[in-house]
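So the chains spell out like this:
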Amino acid sequence: MKILVTGGCGFIGTNFIRLMLGSHPDWSIINLDKLTYAGNRLNLLDLEENEPRYDFVQGDICDRDLVMDLLADHKVDAVVNFAAESHVDRSINDPSPFVATNVAGAQNLMECARQRRTERFVHVSTDEVYGTLGPSGKFTEDTPLAPNSPYSASKAGADLMARAYFETYHFPVLITRCSNNYGPYQFPEKLIPLMFLNAKANKQLPVYGDGLNVRDWIFVDDHCRGVELTLTKGREGQVYNFGGNAEETNISVVRTLLSIVGKPESLITYVTDRPGHDKRYAMDFSLAHKELGFAPTLPFDEGLTRTIAWYEANGTWLEQVQSGEYRNFMDTWYEERA
Ligand code: NAD
Ligand code: TYD
C-alpha cells in the first residue's frame, strides 16, 4: 500500500511513519509537510537517507496543484492526515493559521483525494472537539461537538466537512479522535516536554489555574496503532474514539515528572489560567475496542518514564527545535501570564 502521510515531521506523524514502515514491509510512505515551527525534517533523516520506501516532500496541504500531482504521480492508495496547527495557546493568540490549515487545508486534501478517487482517507482529529466534561462521564462518538478553543473549533470544522464528504459524495473517509498524546519527538510547547525542559534548567514550571484540569494521557505508539487499525479495519464514514485510560490532573503529572527527574516541587508556580480552559477530558473507546480490537498498552507511569528517558538522551534534538520563532512566542506568552 502507498500512503500519503501529511504532517509527518511533527510529533505523532514522525512516530507513525517509523512504526508503520517498521511493521509493514509492503507499505511505502510519502510525507508531505510544510515544516512549520513544529515540523522537523531531521526527525526522519535516517529514513530519507536509507529507506527507499520513504519519500519526503516539503509543501502545504492547502496547495491544490501539489496535492493533485502527488496523489497521481505516486499512485497513492490512502491518505492519513496529521498536518495541523496543534497548540491551543497559539490558537488563542492567533486563530487564522488554524483555520487555514486545519479547516481549509483538510478540505483541500479531501477534495483532491475525492477527485483522484483515493481509496481511503483517515482524518486524525481530537477529543477536544467534544468540549469539556464535568467530574464524571466520558466522551463517546455520539457526544455533541462543543469546541471551546479556536484550535478545537478548527478541528471540529474539519470533522464536520469530513462527515459532509461521506454523506454527500460517499467519500471513503474515517475520523479518529484521540486524547492527549505524550512520547518521543513532542514539541516542547506541550505540557510534558515543556515541564521537563524547565525542570532540567531549574526554571519555574508554569501550571495554569489550580492545576486540577484533567487529561486522559495516551502513549503516542498506542494512538498510532489506533490510526493503523482505523486505516486497515475501520468502517468508512465512522468516527473512532481513542484514549489511554489514564486520567491525571495536570498537577499530578507535573509532580510525577519532577520526581522522575529528581527536582524539587518548589519549582512549581501557578499562573493565570488559560482562557476557555477545558476542565476534563476522558474517552470511551469501547467502539474502537469492539470493532478494531484497540486497547492502550502502556500504563502512564511507565510511558512517562520512557518518554523522559528519550528526552534525556536527545538533548541535541531539544536544542535544535527550540530556536528563534518558538522561543520568542513562549517568552512573550509566559511574561504576559506570570
Ligand atoms: P505537531 O504540531 O507536532 O505537528 C504538526 C505537523 O504538521 C508539523 O510537522 C507541521 O510542520 C505540519 N503542518 C502544519 N501545517 C501544515 C500544512 N499546512 N501543510 C503541511 N504540513 C503542515 O502536531 P501533533 O501533536 O503531531 O498532532 C498531529 C495531529 O494529531 C493533529 O492533527 C492534531 O490535531 C492531532 N492530535 C494531536 C494530539 C496530541 O496530543 N498531540 C491528540 C489528538 C489529536
Ligand atoms: P497541552 O499540552 O497544551 O495540551 P491540551 O491543551 O491540548 O490539552 O496542555 C495539557 C494541559 O496542561 C492543559 O490542561 C493545559 C495545561 N498546561 C499548563 O498547566 N501549563 C503549561 O505550560 C502548558 C503548556 C499546559
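Quantities reported herein were computed from a predicted structural model and do not represent experimental measurements.

About the thresholds
Residues numbered from 1 in each chain as written. Chains lettered and ligands numbered in written order. Predicted model: local features only at pLDDT ≥ 70, side-chain atom pairs only at ≥ 80, totals over all residues. Heavy atoms only, no water. Buried < 20%, exposed > 50% of the residue type's maximum accessible area, 1.4 Å probe, protein only. Helix = DSSP H or I, 4+ residues; strand = E, 2+ residues; numbered from the N terminus. Pairing = 2+ DSSP bridges. Salt bridge = Lys/Arg side-chain N within 4 Å of Asp/Glu carboxyl O. Axes fitted to C-alpha atoms, helices over the stretch in contact; angles between N-to-C directions. Contact = heavy atoms within 4.5 Å. 1 Å grid on protein atoms, 1.4 Å probe; cavity = no way out; pocket = protein on both sides within 12 Å on 5 of 7 lines; lining within 4 Å. Points joined across faces, edges and corners; volume = space filled by probe spheres on them. Nonpolar A, V, L, I, M, F, W, Y, C, P; charged D, E, K, R; others polar. Near = heavy atom within 4 Å. Polar contact = N/O pair within 3.5 Å; in protein donor to acceptor, adjacent residues only side chain to side chain. Areas by Shrake-Rupley, 256 points an atom, 1.4 Å probe, with all protein chains shown as cover.

1. Overview of the pairing of strand S8 (residues 205–208)
Here's step 1: What you see with S8 is no split at all: Leu-205 and Val-207 on one side and Pro-206 and Tyr-208 on the other are buried throughout.
Here's step 2: Bridge count for S8 against strand S13 (residues 268–271) is four bridges, and the pairing is parallel. Each residue of the ladder has a partner; that of Pro-206, found in S13, is Thr-269.

2. Examining the pattern of salt bridges
Opposite charge on two side chains lets them pair, provided their charged atoms get close.
Here's step 1: For the structure shown, the criterion picks out 15 salt bridges.
Here's step 2: Close ionic contact of Arg-114 with Glu-111 constitutes a salt bridge, the shortest N to O distance being 3.1 Å. Separated by three residues within a single helix, Arg-114 and Glu-111 lie in helix H5 (residues 96–115), roughly one turn from each other.
Here's step 3: With relative accessibility at 29%, the residue Arg-114 sits in the partly exposed group.
Here's step 4: Lys-279 is the partner of Asp-210 in a salt bridge, and the nearest nitrogen-oxygen pair spans 3.4 Å. Separated by 69 residues along the polypeptide, Asp-210 in the loop between S8 and strand S9 (214–216) and Lys-279 in the loop between S13 and helix H10 (286–292) bring together distant segments of the chain.
Here's step 5: Within this structure, Arg-90, Glu-189 and Lys-190 form a network of salt bridges that share partners.

3. Topic: the sheet that holds strand S4 (residues 78–81)
Here's step 1: The strand order across the open sheet built from seven strands is S3-S2-S1-S4-S5-S6-S11, with neighbouring strands paired in parallel fashion. Of all the strands in the sheet, the pair left with one neighbour each is strand S3 (54–58) and strand S11 (239–242). For this sheet, the mean inter-axis angle between neighbouring strands, taken without regard to orientation, is 20 degrees.
Here's step 2: Across six bridges, strand S5 (residues 120–126) lies against strand S6 (residues 173–178) in parallel orientation. Its bridge partner lying in S6, Val-124 is registered against Thr-176.
Here's step 3: Relative to the sheet, H5 contacts strand S1 (2–6), S4 and S5, its axis offset from that of S5 by approximately 165 degrees.

4. Observations concerning the layout of surface pockets
Here's step 1: Counted as a void, the second largest pocket has a volume near 350 Å³.
Here's step 2: Taken together, 18 residues line the second largest pocket, and the ones lying closest to its centre are Glu-141, Arg-163, Arg-177, Gly-237 and Val-239.
Here's step 3: Elements with a contribution of two residues or more to the lining of the second largest pocket: helix H6 (150–169) and S6.
Here's step 4: It is H6 that contributes the most residues to the lining of the second largest pocket, six residues altogether.
Here's step 5: Class assignment for the residues of the lining of the second largest pocket results in nine nonpolar, three polar and six charged.

5. Regarding the site of ligand 1
Here's step 1: Surrounding ligand 1, one finds 28 residues, the nearest of these being Ile-12, Asp-33, Ser-86, Tyr-151 and Lys-155.
Here's step 2: One nitrogen or oxygen atom from the main chain of Ile-12 is found 2.8 Å from an oxygen atom belonging to ligand 1.
Here's step 3: Here Lys-34 contributes a backbone N or O atom positioned 3.1 Å from a nitrogen atom of ligand 1.
Here's step 4: For ligand 1, whose accessible area on its own is 830 Å², the fraction buried by protein is 97%.
Here's step 5: Only helix H1 (11–23), S5 and H6 provide two or more residues apiece to the shell around ligand 1.
Here's step 6: If one sorts the elements of the shell around ligand 1 by residue count, S5 sits on top with three residues.
Here's step 7: Considering only residue class, the shell around ligand 1 consists of twelve nonpolar, twelve polar and four charged.

6. Remarks on the site of ligand 2
Here's step 1: Taken together, 19 residues lie around ligand 2, and Glu-128, Pro-206, Arg-215, Arg-274 and His-277 are the ones closest in.
Here's step 2: For ligand 2, an oxygen atom lies 2.9 Å from a polar atom in the backbone of Leu-191.
Here's step 3: Residue Pro-206 places a main-chain N or O atom 2.8 Å away from a nitrogen atom belonging to ligand 2.
Here's step 4: Protein burial of ligand 2: of its 510 Å² of free accessible surface, 97% is covered by the chains.
Here's step 5: Broken down by secondary-structure element, the contributors of at least two residues to the shell around ligand 2 are helix H7 (191–200) and S8.
Here's step 6: Considering only residue class, the shell around ligand 2 consists of nine nonpolar, five polar and five charged.

7. A few points about the side chain of Asn-250
Here's step 1: For Asn-250, the location among the structural elements is in helix H9 (residues 250–261).
Here's step 2: Look at Asn-250 and you get buried, because its relative accessible area is 10%.
Here's step 3: Other than its neighbours up to four places away in sequence, Asn-250 contacts Leu-191, Gly-211, Asn-213, Arg-215 and His-277.

8. Structural notes on the environment of Thr-232
Here's step 1: Tracing the chain through its elements places Thr-232 in helix H8 (residues 220–233).
Here's step 2: Along the primary structure Thr-232 and Asn-15 are separated by 217 residues, whereas in three dimensions their C-alpha atoms are 18 Å apart.
Here's step 3: Not counting residues within four places of it along the chain, the set of residues in contact with Thr-232 comprises Trp-27 and Arg-120.

As far as function goes, none of this settles anything; it's purely spatial.
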